[in-house]
Amino acid sequence: MLEKMTQINELYDVYKALLTDKQRAYIEMYYHEDLSLAEIANDVGVSRNAVHDNIRRTEKLLAGYEEKLKIYEKDSNRWAICDKIKASTKDKTVLEFVRQLEAVE
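Only a predicted model underlies this, so the values are computations on that prediction, with no experimental measurement involved.

Peer 1: Can you lay out the overall build of the chain for me, pointing to particular residues and giving the numbers?
Peer 2: Each helix and strand counted, the chain has six helices and zero strands in total. Ordering the α and β elements of the chain from the N terminus gives α-α-α-α-α-α. The globule rule puts the C-alpha radius of gyration for 105 residues at 13 Å, and the 18 Å found for the chain is more than 25% above it. Based on the C-alpha atoms only, the size of the chain along its principal axes is roughly 60 × 25 × 25 Å.

Structure (structure tokens):
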């Protein structure tokens, strides 16, 4: 469960701009605020099942974005390469380039 939560949070950070306001709100309440489905349903005035369905659809949507665009995967690979370069050199020019690369959003 923790692994799934971490994965959804990471994908959410990358793709949240592609979600609707409602999708973002449900994911934030469920994953960031740790509210139960019943609490979310009560807060927004819908059924628990409606909240559950929306969250599951949004999780699939996030996974679909990553499957097609691979932004998270590419970003993770970039960070890993930066870590390897930093571990293998003391050259200040190279380290400055790595720092600049890490600052790119």
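Peer 1: A description of unusual backbone geometry should follow, citing residues and the corresponding values.
Peer 2: With phi around 60 degrees, Asp34 is a residue other than glycine that occupies positive phi space. Turning to its location among the elements, Asp34 is positioned in the loop between helix 2 (21-32) and helix 3 (37-44). With a phi angle near 55 degrees, Lys70 is a residue other than glycine that sits in the positive phi range. Mapped onto the secondary structure, Lys70 falls in the loop between helix 4 (48-69) and helix 5 (71-88).

Peer 1: Any chance you could break down the pattern of salt bridges for me, citing the residues and the numbers?
Peer 2: Within the structure shown, the criterion is met by seven salt bridges. Notably, a salt bridge pairs Arg24 with Asp21, separated by 2.2 Å at the nearest N-O pair. Of this pair, Arg24 and Asp21 both sit in helix 2, three residues apart, which is roughly one turn of the helix. With its nearest N and O atoms 2.7 Å apart, the salt bridge here joins Arg56 to Glu59. One end of the pair is Arg56 and the other is Glu59, both in helix 4 and three residues apart, which spans about a single turn. Its relative accessible area of 25% is what places Arg56 among the partly exposed residues. Within this structure, Lys4, Arg56 and Glu59 form a network of salt bridges that share partners.

Peer 1: Tell me about a nonpolar patch on the surface, and please be specific about residues and values.
Peer 2: Together, Val14, Leu18, Leu69 and Ile71 make up an exposed nonpolar region whose accessible area comes to about 310 Å². Relative to the elements of secondary structure, Leu69 occurs in helix 4.

Peer 1: Can you break down the packing of aromatic side chains residue by residue, with the values?
Peer 2: If you walk through the whole model with that rule in mind, you get two aromatic pairs. Geometry around Trp79 places Arg78 over its ring, the cationic atom sitting 5.1 Å from the centre.

Peer 1: Break down the nonpolar core for me, with residues and values.
Peer 2: Residues Tyr26, Tyr30, Tyr31, Ile40, Val51, Ile55 and Leu62 are the most contacted members of the largest nonpolar core, which totals 17 residues. Of all the secondary structure elements, the ones that give two or more residues to this core are helix 1 (2-15), helix 2, helix 3 and helix 4. Broken down by element, the residue count for this core peaks at five residues, all from helix 2. Not counting residues up to four positions away in its chain, the partners in contact with Tyr30 are Met1, Leu35, Leu37, Ile40, Ile55 and Arg56.

Peer 1: Can you lay out the environment of Arg24 for me, pointing to particular residues and giving the numbers?
Peer 2: Here Arg24 falls in the partly exposed class, since its relative accessible area comes to 21%. Spatially, the C-alpha atoms of Arg24 and Tyr12 are 8.4 Å apart, while their sequence positions differ by 12 residues. With near-sequence residues (within four places) excluded, Arg24 lies in contact with Tyr12, Lys16, Ala17 and Leu19.

Calculation rules
- Along every chain, residues carry numbers that run from 1 in the direction the sequence is written.
- Only residues with pLDDT of at least 70 get local features here, since the model is predicted, and only at 80 or more are side-chain atom pairs given and counted; chain-wide, interface and lining totals rely on the full set of residues.
- The side-chain quantities take in all heavy atoms of the structure and omit both hydrogens and water.
- Put simply, DSSP marks the helices as runs of H or I at least four residues long and the strands as runs of E at least two long, and each gets a number from the N terminus on.
- Two things to know: the radius of gyration comes from C-alpha atoms, and the globule rule equals 2.2 Å times the number of residues to the power 0.38.
- The working definition used for a salt bridge is a side-chain nitrogen of Lys or Arg within 4 Å of a carboxyl oxygen of Asp or Glu.
- Whether a residue is buried, partly exposed or exposed follows from its accessible area with a 1.4 Å probe, protein chains only, as a fraction of its type maximum: under 20%, in between, or over 50%, in that order.
- Residues qualify for a patch when their relative accessible area is over 30% and they have no salt bridge, like charges being joined within 9 Å and the nonpolar side chains of Val, Leu, Ile, Met, Phe, Trp and Tyr within 5 Å.
- Method for areas: the Shrake-Rupley scheme with a 1.4 Å probe, in which residue coverage is limited to the protein chains shown.
- Side-chain rings of Phe, Tyr and Trp (the six-membered ring for Trp) are treated as a pair once their centres are within 6.5 Å; stacked means planes under 30 degrees apart, edge-to-face means over 60, and tilted covers the remaining angles.
- In our convention, an over-ring charge means Lys NZ or Arg CZ found within 6 Å of a ring centre and within 35 degrees of that ring's normal.
- Grouping buried Ala, Val, Leu, Ile, Met, Phe, Trp, Tyr and Cys residues that are joined through side-chain atoms within 4.5 Å yields what is termed a nonpolar core.
- Residues are treated as being in contact if the distance between any of their heavy atoms lies within 4.5 Å.

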